[in-house]
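One-letter residues, chain by chain:
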Amino acid sequence: KMEKIVKLRDIIFDLQMEELDVVSSMLRDRRKALGNTIKYSLNIGDEINVNDLGVGVITKINRTRCLAKFDKGSYNVPFSLITKE
């Protein structure tokens, strides 16, 4: 896995500005696709894990984020940061 990242880094450093714009758009699209995959697997009341916040419970599902209650309070969390418990 690390080998892929090193290859990507080398390729990215050789790109011109126009090519970087295309790569940036591709990354944004991939992040959205991963978020949507997670979004449609979630339900209110599910336990989730978010790296910085720990384990919480979903209280509301919005279009791009969900509201979840954690020990530290309630937060709107992007789907791409969530792993289901």
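Here, every reference points to the structure presented above.
Source: prediction; values computed, not measured.

> Would you explain the overall build of the protein in this entry?
Within the protein, the secondary structure is distributed over two helices and five strands. From first element to last, N terminus to C terminus, the protein shows the α and β order α-α-β-β-β-β-β. Against the globule reference of 12 Å for 85 residues, the protein gives a C-alpha radius of gyration of 16 Å, more extended than a compact globule. Seen through its C-alpha atoms, the protein measures out along the principal axes to roughly 45 × 25 × 20 Å. A total of 85 residues make up the protein; the buried ones form 16% of that total. Partitioning the intrachain contacts of the protein with sequence separation of at least 6 by distance along the chain shows that 29% fall at a separation of at least 24. Total accessible area on the protein stands at roughly 6800 Å², and carbon and sulfur atoms take up 55% of it. Averaging the coordinates of the 15 positive side-chain charges in the protein and doing the same for the 12 negative ones gives two points 7 Å apart.

> It is not clear to me how the pattern of salt bridges should be interpreted in this structure. Could you clarify?
If charged atoms from side chains of opposite charge come close, those side chains can pair. All told, the structure shown has three salt bridges when counted by the stated rule. A salt bridge links R9 to D10; its shortest N-O distance comes to 3.2 Å.

> Help me understand a nonpolar patch on the surface in this model?
Together, L8, I12, M17 and L20 give the surface a local cluster of nonpolar side chains, amounting to about 360 Å² of exposed area. Taken together, the elements giving at least two residues each to the nonpolar patch come down to α1 (2-14) and α2 (17-39). Mapped onto the elements, L20 comes out in helix α2.

Criteria and cut-off values
- Residues numbered from 1 in each chain as written.
- Predicted model: local features only at pLDDT ≥ 70, side-chain atom pairs only at ≥ 80, totals over all residues.
- Heavy atoms only, no water.
- Helix = DSSP H or I, 4+ residues; strand = E, 2+ residues; numbered from the N terminus.
- Rg over C-alpha atoms; globule rule 2.2 N^0.38 Å.
- Buried < 20%, exposed > 50% of the residue type's maximum accessible area, 1.4 Å probe, protein only.
- Contact = heavy atoms within 4.5 Å.
- Areas by Shrake-Rupley, 256 points an atom, 1.4 Å probe, with all protein chains shown as cover.
- Lys, Arg positive; Asp, Glu negative; His and termini not counted.
- Charge placed at Lys NZ, Arg CZ, Asp CG, Glu CD.
- Salt bridge = Lys/Arg side-chain N within 4 Å of Asp/Glu carboxyl O.
- Patch = residues over 30% accessible without salt bridge, like charges linked within 9 Å, V, L, I, M, F, W, Y side chains within 5 Å.

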